[in-house]
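# Residue-level structure breakdown
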Amino acid sequence: MKSSGSKAGARRIATRADSRSPEVSVTAAPRGLKQAMIDAARAALLARRYHRGRLHVAVIGAAEMRRQHARWMDDDTPTDVLTFDLRDEPERGLVDGELLVCSTVARERARGYGGDWRAELLLYVVHGCMHLCGLDDHDPVEAARMHRLEDRVLKQLGWGEVYAAERRAERSRVGLTRRAEGRKKSTPPSNRKNRKKK
C-alpha cells in the first residue's frame, strides 16, 4: 500500500488496528505525542513483518533512565532507549516487548543538532522496535541498514529522516571544526607580516 507521505495519510496506514497488527500501548507520553508514538511503533514493526503480539512503550526522564540503565546494563548514565524482548522463544512475526524511551535525552540531542525533539523521541521508539525485530547496530553494515530503515519509517510518517539529519549536522560541525583548525595551522598571522612579496 502506498502512502502519500503526509502525516495524516501515513497514520491511516500505520494505525490500522486489526488482526494483522500488533497491539501498542504508551504511558507517560508527552502531550500530543501518544498517537504518533503508537503509529511509529506499529509502522516499524509492520515494516519488519511483525504483525502479531504486543508492545508497551514507557516515556521516562533522565533520572529514571539512569537507574534503569544501571540496573539492566551496569551503566549509570542516561541513554536514549532500553529494549526488553519478553518472548520466551524468538518467533518471526511475533512481538512481545517493552521499550523505555528517555524524553530528556531526546530534548538534549535534538537541541544539539537543531532538530525536533519529538521526532528524536519517535526515532527512539522505532529504534527499539528494530531491536525487537532482531536488528543489531553493533555491526557497522547492519547498523547502516537499520538506520536507513528507521529513517524510511519516520519519513513515511511525515517526520523526515531524523537519523540522517542528525548525522549530517554532526558531520557539518566536525567539518567546520576541521576547517577552522586548518586555518589555524596554516601560516600564523605573525608570520604573514614577515613574508617577502615576490
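Values in this document were obtained by computation on a predicted structure and should not be read as measured data.

## What to know about the pattern of salt bridges
Applying the stated rule across the entire model yields seven salt bridges. Across the salt bridge formed by Arg52 and Glu91, the nearest N and O atoms sit 2.8 Å from each other. Note that Arg52 is positioned in strand 2 (residues 52-60) and Glu91 in the loop between strand 3 (81-85) and strand 4 (94-102), a separation of 39 residues in sequence. Using a relative accessible area of 37% as the deciding quantity, one classes Arg52 as partly exposed. Of the charged contacts, one joins Arg109 and Asp80 as a salt bridge, the two residues approaching to 3.1 Å between their closest N and O atoms. You can see Arg109 sitting in helix 4 (residues 103-113) and its partner Asp80 sitting in the loop between helix 3 (62-73) and strand 3, a full 29 residues away along the chain. With a relative accessible area of 34%, Arg109 lands in the partly exposed category.

## What to know about the packing of aromatic side chains
The full count for this structure, using the stated rule, is one aromatic pair. Ring centres 5.4 Å apart and planes at 70° place the aromatic pair Trp72 and Phe84 in the edge-to-face group. With Trp72 in helix 3 and Phe84 in strand 3, this pair connects stretches of sequence that are 12 residues apart. The class for Phe84 is buried, based on a relative accessible area of 18%.

## A word on the nonpolar core
Grouped together as the largest cluster of nonpolar side chains are 50 residues, with contacts concentrated most on Met37 and Val101. Broken down by element, the residue count for this core peaks at 10 residues, all from helix 5 (residues 117-132). Aside from chain neighbours lying at most four places away, what touches Val101 is Met37, Val57, Ala58, Val59, Ile60, Met65, Asp80, Val81, Leu121, Tyr124 and Val125.

## Here we look at unusual backbone geometry
A negative phi angle characterises most non-glycine residues, just as the trans form characterises most peptide bonds. Positive phi outside glycine occurs at Ala28, with the angle close to 60°. With respect to the helices and strands, Ala28 occurs in the loop between strand 1 (23-27) and helix 2 (34-47). Classification of Ala28 by relative accessible area gives exposed; the value is 57%. Phi at Arg49 is positive, roughly 65°, even though this residue is not glycine. Within the element layout of this structure, Arg49 appears in the loop between helix 2 and strand 2. Overall, Arg49 belongs to the exposed group, its relative accessible area being 59%.

Criteria and thresholds
- Residues numbered from 1 in each chain as written.
- Predicted model: local features only at pLDDT ≥ 70, side-chain atom pairs only at ≥ 80, totals over all residues.
- Heavy atoms only, no water.
- Salt bridge = Lys/Arg side-chain N within 4 Å of Asp/Glu carboxyl O.
- Helix = DSSP H or I, 4+ residues; strand = E, 2+ residues; numbered from the N terminus.
- Buried < 20%, exposed > 50% of the residue type's maximum accessible area, 1.4 Å probe, protein only.
- Phe/Tyr/Trp six-rings, centres within 6.5 Å; stacked < 30°, edge-to-face > 60°.
- Core = buried A, V, L, I, M, F, W, Y, C linked by side-chain atoms within 4.5 Å.
- Contact = heavy atoms within 4.5 Å.

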